[in-house]
Each structure stands twice: as C-alpha cells, then as structure tokens.
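Chain by chain, the residues run as shown.
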Amino acid sequence: MAKESYLVGLIGSGIGPSFSPALHEREADRQGLRLVYRLIDIDALGLPPEAVGDLLRSARDLGFDGLNITHPCKQLVLEHLDDLAPQAAALGAVNTVVFEGGRAIGHNTDVTGFAASFARGLPDAPLERVVQLGAGGAGAAVAHALLTLGAERVTVVDPLPERAAALADSLDAHFGAGRAAAAAPTASADLLSRADGLVHATPTGMAAHPGMPLPADLLHPGLWVAEVVYRPLETELLRTARAAGCATLDGGGMAAFQAADAFRLFTGREPDSARMLADIAHIAGTADATDADAVDADAADADAVGDAIAARQ
C-alpha cells in the first residue's frame, strides 16, 4: 500500500528562509498527501558542517523519509552514505538523500534542475564558449548540465585555483579532453569578451551576500547571463545584465525543477513542475526581500522540458 505521509527536511547553513518547505508541502497538499518538511540549520544549531553525518543518522533514526542537502554539506555528506546514484557519483556531490530499507542513498538533481531551466528559459542561446563563476557543489552541477546540453567549452573561474582545476579535470575526464578549462578571476575580462554566455554559481547576490560577482563593465549585449541564486529572483547581476542588453535567466526555474525531482524521489509520485514553477513566483512575490537563502536547486522531466533538453543534445 502506497504511503500517504512523509517526513523530509533540509540540512544546510543559513537556510531559515528556504523556499523548499513551501514548495514540497504545497505540491503534497495538491496530491492529497501529508508531507512535513523540516529545516535543520547548522548555524542555528551551532554545529560545524562536519556534523552532517551525525544529523543524517539522527534523521534516519527519527523516521525521516529523506533529506535535501545544501551548502556547505553537499560533498561532506558523501562519506556517510551507503550508496550513490550515478549522477551523484560523477559529480562528487549530493543534494538529495533518500532513506530506503535502512540505507541512505545519495542523489544529485542539481544537474537536471539547471538543464531543465536553461532549456526552458534560454532555448536558443549559443553554447560555443561559456564562462562559469564558481566551482563549488552548485558549480559542479551547472558545469555538467552545460556540457550535457552541448556546450563546446566551459571555463570555470574560481578564486581557489585548485578547486577550479579539480573541477575542470573532472569535467574533461567525463566529457572528453578540451571540454573544460580553469581560470583565475583576473582572466575574466578577456574570457567574457569572447564568450557566448556567463553562468553565475556563487552565493554573491543573495540577500545575505549582496553585490555583483564581477565588474559591471564586463557585461555586453552579445552575452547571455544565467543566475543560480534564486533568493532574490532579481539579483543585482541580472538587473545590470539586462540593462547592458543581455538575455538573462533567473534561478527560480532551477529551484522549482530541483524541488520537483526531489519530491519524486521522496514520494514516488509524479510532481507537476509547472505548478511548482508558479509556486516559486508566488513565494518570491510574498517573501521578505531581506531574507537570505542557500544556492541550491533540482529538476523535473515534464514532457515539454524533456523535449527541449533533448533538442539541445
């Protein structure tokens, strides 16, 4: 007999204003399910990111059906899991854990979340040369998504050279030599002058981390700009990019599609990604603009979105 009630949650730092509880609980209500979504904020608990293993075990013992995992625990959680889905193993990062038969299985749906959002929001964007800011957990997922969508080359820019290089090497190993490269922020001006698009995958622009991740004069009309931050939906980067004549994509689609995929993993029920996308707009419109949120996301495979992704491959 199918379950009718679920207990899930989110582990991360500074997640108080997260959209995830509302997204999951609203979709459950529409499907006649009882779903309770709890926030497990390591900041509020006074715990270090390394406590994710203890929190994971406690959640399993308390009867949770699954957890979302966000910054800064997506990679730290790996050693505490019993198994990994192929995409999570390829990325080396997990954003969703499902408890099955006493085992903790790690998944990563950030890749499909960004891919679905990009295919929907920038369907005709050129992908020959893409610059990506950020090489963390979200950055790894976005880079995989870009190359899966057909990007010829993704250059990862990060202030930590070793982190950018490690991600580029991993991408080359997975997609083929020459598909990825690493660069320091000092190379951004030259890279962006020749790029088709820019993807931003750092916390800069969130309410708790306001500002621009790069100088405004590096943006130009021939560049599309995609944002991973979704709280607020309208970041300073997106406002500046539109003023410069760039096509833009906010982080809301990625957030909605990731929540839809996580919902599917938790419940086994098919979510309505279009309704969840509308939820994002509604929640964002009524939320306190001073709240902060984590950079996180996931995806859905609604037919139209799936067709758009397939067309890009």
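Residues numbered from 1 in each chain as written. Predicted model: local features only at pLDDT ≥ 70, side-chain atom pairs only at ≥ 80, totals over all residues. Heavy atoms only, no water.

With that out of the way, let us pick up the packing of aromatic side chains. In this structure the tally under the stated criterion is 3 aromatic pairs. Ring centres 5.8 Å apart and planes at 35° place the aromatic pair phenylalanine 114 and phenylalanine 118 in the tilted group. One end of the pair is phenylalanine 114 and the other is phenylalanine 118, both in helix H5 (residues 110–121) and 4 residues apart, which spans about a single turn. Among the aromatic side chains, those forming a connected cluster through ring pairs are Phe114, Phe118 and Trp224. (Phe/Tyr/Trp six-rings, centres within 6.5 Å; stacked < 30°, edge-to-face > 60°. Helix = DSSP H or I, 4+ residues; strand = E, 2+ residues; numbered from the N terminus.)

Turning to the pattern of salt bridges, a few remarks are in order. Following the criterion strictly, the structure yields 16 salt bridges and no others. Aspartate 65 serves as the salt-bridge partner of lysine 3, at 2.4 Å between the closest nitrogen and oxygen. Taken together, the residues lysine 3 in the segment before strand E1 (5–12) and aspartate 65 in the loop between helix H3 (52–61) and strand E3 (66–69) connect sequence positions 62 residues apart. Of the residues examined, aspartate 65 reaches a relative accessible area of 15% and is grouped as buried. One salt bridge in this structure joins aspartate 110 and lysine 74, with 2.8 Å as the shortest N-O distance. Of this pair, aspartate 110 sits in helix H5 while lysine 74 sits in the loop between E3 and strand E4 (83–84), placing them 36 residues apart in sequence. By relative accessible area, lysine 74 is classed as buried at 6%. Several salt bridges share partner residues, and in doing so they unite Arg26, Glu27, Arg30, Asp272, Arg275 and Asp279 into one network. (Salt bridge = Lys/Arg side-chain N within 4 Å of Asp/Glu carboxyl O. Buried < 20%, exposed > 50% of the residue type's maximum accessible area, 1.4 Å probe, protein only.)

This part covers the side chain of threonine 248. Within the secondary structure layout, threonine 248 lies in strand E12 (residues 248–249). Contact partners of threonine 248, with chain neighbours within four places excluded, come to Leu122, Val225, Leu238, Ala241 and Arg242. (Contact = heavy atoms within 4.5 Å.)

Turning next to the environment of threonine 109. With respect to the helices, strands and loops of the structure, threonine 109 is situated in the loop between strand E6 (103–107) and H5. C-alpha separation for the pair threonine 109 and glycine 12, spaced 97 residues apart in sequence, amounts to 16 Å.

With that settled, the discussion passes to the sheet that holds strand E9 (residues 180–183). Taken in spatial order, the 6 strands line up as E9-E8-E7-E10-E11-E12 in an open sheet, and their pairing is parallel. Here the strands that pair on one side only, and so sit at the sheet edges, are E9 and E12. Two elements, strand E7 (residues 129–133) and strand E8 (residues 153–157), share 5 bridges in a ladder whose sense is parallel. Pairing of arginine 129 across the sheet is with arginine 153, part of E8. Against the sheet, helix H6 (residues 137–148) touches E7, E8, strand E10 (197–200) and strand E11 (224–227), its axis set at about 170° to E7. (Pairing = 2+ DSSP bridges. Axes fitted to C-alpha atoms, helices over the stretch in contact; angles between N-to-C directions.)

This next bit is on the pairing of E8. Among the 5 residues of E8, 4 are classified as buried, and the element is accordingly described as predominantly covered. Running through H6, the crossover from E7 to the neighbouring parallel element E8 is right-handed. The β-α-β motif built from E8, the intervening helix H7 (residues 161–175) and the parallel element E9 has right-handed crossover chirality. (Right-handed = clockwise from strand over helix to strand, strands pointing away.)

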